[in-house]
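Next come the chains, spelled out residue by residue.
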Amino acid sequence: MLRGVSVAWKGRPWGGFSPICRRWYQSESGVHGYRSKVRKSFAVPEDVLKARNRHSNVYRWIEAYRSHGHSVAQVNPVDYANRTGEIPELDYSRYGLNGAEEVETHGIIGGVSGGLVTVKELESELRKIYCGTVSAEINHIGSEHKKEWLKENFERIRAKSLPKSVRREIAELMIKSQSWDNFLATKFPTVKRYGGEGAESMLAFFRQILKAAAKDDITDIVLGMPHRGKLNLLAIMLKTRPGKIFSKFKGRAEFPADAKAMCDIASHFHVTEDLTIDGKVIHFSMLHNPSHLEAVNPVSMGKTRSKQQSLKDGAFGVDESQDFSSSVLNLQLHGDAAFPGQGVNQECLFMSGTPHFDIGGTIHMIVNNQVGFTTPGDRGRCTQYCSDLAKSIDAPIFHVNVDDPDALTLITQLAYDYQREFRSDVFIDLNCFRRWGHNELDDPTFTNPALYNIIHNRKSVPDKYTDMLVEENEMTREEVNKIVEEQTNFLTSELNQVDAYEPDHWYFRKQWAGMKQAGGEVTIWDTGLDYSLLGYIGVKSVAYPENFQIHPHLDKTHVTGRIKKINEGRIDWATAEAMAFGSLMYQGHNVRLSGEDVGRGTFSHRHVMLVDQKTNEMHIPLNAMEGGLGGKLEIASSILSEEAVLGFEYGISIDNPYNLIIWESQFGDFFNGAQILFDTFICSGETKWMICNGLVVLLPHGYDGAASEHSSCRVERFLQMTDSSETQPDGDDVNFQVINPTTPAQYFHALRRQIIRNFRKPLIVVSPKVLLRLSDAISSPQDFKPGTHFLPVIGDSLVNPADVKKVILCSGKHYYNLKNERKNRNLTDVAIVRVESLCPFPVHELNTELDKYKNAKTFIWSQEEHRNMGAWTFVKPRFENLLARKIKYSGRYPAATPAVGVGAWHHQEAQFVVTDPFDLK
């Protein structure tokens, strides 16, 4: 048996790697949501090292099996190409050994009793361990501790066996799964159900996870998975009534009639259910998934992190020895084509262990169908295995044959134990097959005849397993038939009662209690506060400890400058943001700001975290603020990713509606790297799944000579994604809110409104760059006082309405350029009206404002963006249809890219978009 010397120590998280490669976070003392991990120092015992040196040739040969044995393992249940062969590295003669030679195994290999064995006997054991229906990839891992632990524990697996009772439980689950698929095939032959046929052993994985989690007092499990086998899992193990699924297959809605929902297909269903496992209650959350494979993974990670925060798990708790995942466990299932093919997986893996995104490791299982839609595995990747991406984060990988659910159960326990021991990701590659094509209506023989010749001529996975149990006298044929009969009768009963099935109001429960769907009217919410409290928060937002060495430039411009402006009542953008954060924290709400470089801010304006210039330690002033109800601010400066990080934040936002979750794109146009998340989750999650979210998305926008990228946040795309009507006034129930605020107070009120309201909608903020430091873009204490709120429209107080003949409407920072141009021209007959809320489109407020200008004949929409971009195509039909006035366009010409790349041209266009609205007749 291998023994390790383990000593707990707290230090920089570089584990067993060379100090040359070590890295650390900007806080060893810890900040909210992050704590330096307690690491274990590990050393291989001296006697073991001596044994390995003494039998070095034997040890090198065993290591060859550990590195290459998986290449000849019998893990493929439908290996039509017979690709096993032999690996030269496994030939013991390469290492100067002969078959009859006796060798010592103590300290060299686990799972083989110490003492003398012949090389030939040892070869037989090595083949059983590494080349059977289970194999492992371990030696790519950099940590010696992890490798030694894995070798020791994996090599002892084959000596274990499952009790008869466990095997019978597994058999029953698999029989029920097969009966479920057979029943659906008979009763709903034209429905795509994405069944579990050929992968039924996955239920053995879930069974073992649930058992192990219950034993360790895990309270919550969060699962992200694709379509394949989802309905089987829901109906057989997760307490979803078959009647709900049958009702959906019959073309009925899954929500009550009073829900504002368009619904979705059955294979995108979810579950949130309390399961009682061995007397313990585990809350199991399976997330809705879109058809965009793997996109659900970061969402599941974010939801896991949110639950960890609620339960004071890991760094959110007071126990410094507790790692993340002590109470909440994340599971992810992947497809064999999607896992290597979808870039979001790389993003998720490289994000998984970083500060403020750490969830204590995920247990992954790849359901390896060995074909993606019609593409064979060798054409769907250029690596040996579909799981090879996992090696990039040093995750161990276990390959398992679907025909051996016993081995899968043992490997699942091993994977679970590894995750608990190291709080790191681990992968199981379940080699299986799809009995039918991509779905049950597809014919896979068009493109994969050799593979499906084997599949169609072999027994099913459940039949093969139950036949083995019957042969070994662990089950009788009568017992198998009885399970099938009882399951079929149960399903028949559910189908007979399907017309009586009534969808329930499962949403807006537990932590969402008190929330509701938004109504058809636009409501106003008082988000103002007493300035004495806001002033206190503002000052505290730049406070730092006495011995803290702040950057001298920040001390002068940021700290002293902010306090001076607060005292003068001149509130800038960053201060208003800090006041919004701090006031919500004071009221007991947590705030999380995530994205690339968010602590400082892309434009060096925020500095919500300060870094000691001597120690490199991080300090977040607002978290040291005294008084209030104890909300905390988490600053999650992310990896250079959009899709995974945004998905993570969305996952947090759908779990707890009382925390303010913000994702900031480094530049506005970078959001398109996460377009899948916007399309399939953020803008449509409520109407498809009744899953609301109050996520705030900050998209820096503005034409300032930065050329094609970094100029536009493509607001037109978000407006197109809204369900705003061109012919009826919008209500709060639009799917997206899109605002382009012009003052710090407007931004302040918009952020607070997200939490104060009794419903949740995502908020897209077309956020500024120039306005962050523009002296005109300030707000006064009066703009924040109790009774104030976000203004959808800001009228013009600088002109006499009776004198106005032309009204220019605009949005965002463009207003300040237009105001300056009007001042330069000394015009008094032109009003400039700011449309702060683009969606919901403020029909009532605009009508009230425009009614002031009785003599106005000309109405112009002025924008910086090109005609086919910006808000023009959104504003025009609503303005003309709902306000009964014609409106003219002023802005840049139609173009294929947001901005020119020649400085002189930019200046010409910038001048034109400011002067043209005043010249236009």
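As shown above, the structure is provided for reference.
Below is a summary of the structure that appears in this document. Everything quoted here is computed from the prediction, not taken from an experiment. Throughout this description, residue numbers start from 1 for each chain and increase along the sequence as written. It should be noted that, the model being predicted, local features are given only for residues of pLDDT at least 70 and side-chain atom pairs only at 80 or more, the latter also being counted only at that level, while totals for whole chains, interfaces and linings use all residues. Water and hydrogen atoms were dropped before computing side-chain values, which therefore reflect all heavy atoms in the structure.

Strands here are runs of E lasting at least two residues and helices are runs of H or I lasting at least four, both read from the DSSP assignment and numbered beginning at the N terminus. Looking only at helices and strands, the protein chain has 28 helices and 28 strands in total. If you line up the protein chain on its principal axes, its C-alpha atoms span 105 × 70 × 55 Å. The classification of residues rests on relative accessible area computed with a 1.4 Å probe and restricted to protein chains. Under 20% of the type maximum is buried, over 50% is exposed, and intermediate values are partly exposed. Out of the 921 residues in the protein chain, the part that is buried amounts to 60%. Residues counted as positive are Lys and Arg, residues counted as negative are Asp and Glu, and His and the chain ends are not counted. One atom stands in for each charge, and that atom is NZ of Lys, CZ of Arg, CG of Asp or CD of Glu. With 105 positive and 113 negative side-chain charges, the protein chain shows a separation of 4 Å between the mean positions of the two kinds.

Moving on to the pattern of salt bridges. Each salt bridge in this description consists of a side-chain nitrogen of Lys or Arg and a carboxyl oxygen of Asp or Glu lying within 4 Å of one another. Within the structure shown, the criterion is met by 57 salt bridges. Here Asp-181 and Arg-193 are joined by a salt bridge, their closest N and O atoms 3.4 Å apart. Taken as a pair, Asp-181 in helix H5 (residues 164–187) and Arg-193 in the loop between H5 and helix H6 (202–215) lie far apart in primary sequence, 12 residues in all. In this structure, Asp-274 engages Lys-510 in a salt bridge whose closest nitrogen and oxygen atoms are separated by 3.5 Å. Pair noted here: Asp-274 is in strand E7 (residues 271–277) and Lys-510 is in the loop between helix H16 (477–496) and helix H17 (531–540), with a separation of 236 residues, a long-range link.

On to the pairing of strand E10 (residues 362–368), then. Among the seven residues in E10, seven count as buried, and that is most of the element. Taking every second residue as pointing to the same face, both faces of E10 are buried, with Thr-362, His-364, Ile-366 and Asn-368 on one and Ile-363, Met-365 and Val-367 on the other. Bridge count between strand E9 (residues 328–335) and E10: six bridges; the pairing is parallel. By the bridge assignment, Gln-332 is partnered in E10 with His-364. A pair of strands is treated as paired once DSSP finds two or more bridges between them. Relative to strand E14 (residues 426–431), E10 is paired through six bridges, and the arrangement is parallel. Paired with Asn-368 across the two strands is Asn-431, which belongs to E14.

A separate point is empty space enclosed by the protein. A 1.4 Å probe that fits into a set of points on a 1 Å grid over the protein atoms alone but cannot get out defines a cavity; an open set with protein on both sides within 12 Å along at least five of seven lines defines a pocket, and lining residues are those with an atom within 4 Å of a point. Grid points are joined across faces, edges and corners, and a volume is the space filled by probe spheres set on the points. For the structure shown, the criterion picks out 10 cavities of 30 Å³ or more. The space that makes up the largest cavity amounts to roughly 180 Å³. What lines the largest cavity is a set of 20 residues, among which His-701, Asn-740, Ser-811, Gly-812 and Glu-865 lie closest to the centre. Elements represented by at least two residues in the lining of the largest cavity include exactly strand E22 (763–767) and strand E27 (858–866). Class assignment of the residues belonging to the lining of the largest cavity gives a composition of eight nonpolar, nine polar and three charged. In terms of lining, the second largest cavity is formed by 14 residues, of which the most central are His-605, Arg-606, Glu-664, Ser-767 and Pro-768. Residue classes follow a fixed rule: Ala, Val, Leu, Ile, Met, Phe, Trp, Tyr, Cys and Pro count as nonpolar, while Asp, Glu, Lys and Arg count as charged, and any other residue, Gly among them, counts as polar.

Now for helix H18 (residues 552–568). For H18, built from 17 residues, the straight-helix expectation of 24 Å at 1.5 Å per residue is met to within 8% by its first-to-last C-alpha distance of 23 Å. Bending is quantified residue by residue as the angle between axes fitted to the seven-residue window ending at that residue and the seven-residue window starting at it. Largest kink in H18: about 35°, centred on Gly-561. Turning to H18, its buried residues are Leu-554, His-558, Val-559, Gly-561, Arg-562 and Ile-566. Contact definition: two residues touch when any of their heavy atoms are within 4.5 Å. Where H18 is buried, its residues touch H17, helix H19 (573–586) and strand E16 (610–611). Every helix has an expected span of 1.5 Å times one less than the residues it contains.

As for its position among the elements, Lys-614 is in the loop between E16 and strand E17 (618–619). Classification of Lys-614 by relative accessible area gives exposed; the value is 66%. C-alpha of Lys-614 to C-alpha of His-551: the two residues are 63 residues apart in sequence and 9.5 Å apart in space.

Moving on to the pairing of strand E6 (residues 220–224). Of all five residues that make up E6, five are buried, and the element is covered over most of its length. What you see with E6 is no split at all: Asp-220, Val-222 and Gly-224 on one side and Ile-221 and Leu-223 on the other are buried throughout. As paired strands, E6 and strand E8 (residues 280–286) are joined by four bridges and run parallel to one another. Among the inter-strand pairings, Leu-223 is bridged to a residue of E8, identified as Met-286.

A few words on the sheet that holds E22. In sheet architecture, strand pairing relies on hydrogen bonds along the backbone and comes in two forms, parallel and antiparallel. The strand order across the open sheet built from seven strands is E18-E15-E19-E20-E22-E21-E26, with neighbouring strands paired in mixed fashion. The two strands at the open ends of the sheet, each matched to only one other strand, are strand E18 (633–637) and strand E26 (837–839). Here the average twist between neighbouring strands, direction ignored, is 20°. When strand E20 (residues 696–700) meets E22, the two strands line up parallel, connected through five bridges. In the sheet register, Leu-698 faces E22, and the bridge partner there is Val-765. Lying on the sheet, helix H20 (residues 643–653) is in contact with strand E15 (591–595), strand E19 (660–664) and E20; it crosses E19 at an angle near 170°. Only the contacting stretch of a helix is used when fitting its axis, a line to C-alpha atoms as for every element, and angles between N-to-C directions run 0 to 180 degrees.

So, on to the layout of surface pockets. Computed from the structure, the second largest pocket encloses a volume of approximately 850 Å³. Around the second largest pocket sit 37 residues that line it, and His-270, Val-271, Thr-272, Glu-273 and Trp-506 are the ones nearest its centre. For the lining of the second largest pocket, the secondary structure elements donating two or more residues are E7, E8 and helix H9 (296–310). Among the elements that line the lining of the second largest pocket, the one with the most residues is E7, at four residues.

A few words on the packing of aromatic side chains. The aromatic pairing rule takes the rings of Phe, Tyr and Trp, using the six-membered ring of Trp, and pairs them if the centres are within 6.5 Å, calling planes under 30 degrees apart stacked, those over 60 edge-to-face and the rest tilted. Taken as a whole, this structure holds 34 aromatic pairs when the rule is applied. Centre to centre, the rings of Phe-339 and Phe-427 are 5.3 Å apart; their planes meet at 55°, and the pair counts as tilted. Taken together, the residues Phe-339 in helix H10 (residues 338–341) and Phe-427 in strand E14 connect sequence positions 88 residues apart. With respect to class, Phe-339 is no different from Phe-427; both count as buried. Ring centres of Trp-872 and Tyr-889 lie 5.2 Å apart, and the angle between their planes is 50°; this geometry places the pair in the tilted category. One end of the pair, Trp-872, is in helix H27 (residues 872–883); the other, Tyr-889, is in strand E28 (residues 888–892), and 17 residues separate them in sequence. Judged by its relative accessible area of 12%, Tyr-889 falls in the buried class. Each residue in the set Trp-180, Phe-183, Phe-188, Phe-246 and Phe-249 is aromatic and connected to the rest through ring pairs, giving one cluster.

Structurally, His-619 can be placed in strand E17. Any pair of nitrogen or oxygen atoms within 3.5 Å is treated as a polar contact; in protein, a donor-acceptor pairing is required on top of that, and neighbouring residues in sequence qualify only through side-chain atoms on both sides. At a separation of 3.3 Å, a polar atom in the side chain of His-619 contacts the main-chain carbonyl oxygen of Ala-543. Once residues lying within four places of it in the same chain are set aside, the contact partners of His-619 are Ala-543, Tyr-544, Pro-545, Phe-548, Val-608, Met-609, Leu-610 and Ala-624.

In contact at an axis separation of 10 Å, H5 and helix H7 (residues 230–237) are set at 120° when each is read in the N-to-C sense. With respect to each other, H5 and H7 are oriented oblique. In this structure, H5 meets H7 at a crossing whose hand is right-handed. Between H5 and H7, the residues in contact are Leu-173, Lys-176, Ser-177, Trp-180 and Asp-181 and Leu-231, Asn-232, Ala-235, Ile-236 and Met-237, respectively. In terms of residue class, the contact of H5 with H7 is made up of six nonpolar, two polar and two charged. When describing relative orientation, an angle under 35 degrees is termed roughly parallel and one over 145 degrees roughly antiparallel, while 65 to 115 degrees is termed roughly perpendicular and anything else oblique. The hand of a helix crossing depends on one turn: near helix anticlockwise from the far one by less than a right angle means left-handed, and clockwise means right-handed.

Before going further, it helps to examine the sheet that holds E7. With mixed pairing, the eight strands of this open sheet are ordered in space as E5-E13-E14-E10-E9-E6-E8-E7. This sheet does not close on itself; its edge strands, each paired only once, are strand E5 (134–137) and E7. Within the sheet, the average angular offset between the axes of one strand and its neighbour, ignoring direction, is 20°.

Residues Cys-839 and Pro-840 are joined by a peptide bond in cis, for which omega reads 0°. By the element assignment, Pro-840 lies in the loop between E26 and helix H26 (843–850). Here Cys-263, not a glycine, exhibits a phi torsion of approximately 75°, which is positive. In this structure, Cys-263 sits in the loop between helix H8 (242–249) and E7. Residue Cys-263 is classed as buried on the basis of its relative accessible area, which comes to 15%. With a phi close to 70°, Ala-707 is a non-glycine residue in the positive phi region. On the secondary structure map, Ala-707 appears in the loop between E20 and helix H23 (715–721).

That's the geometry; what it means functionally is another story.
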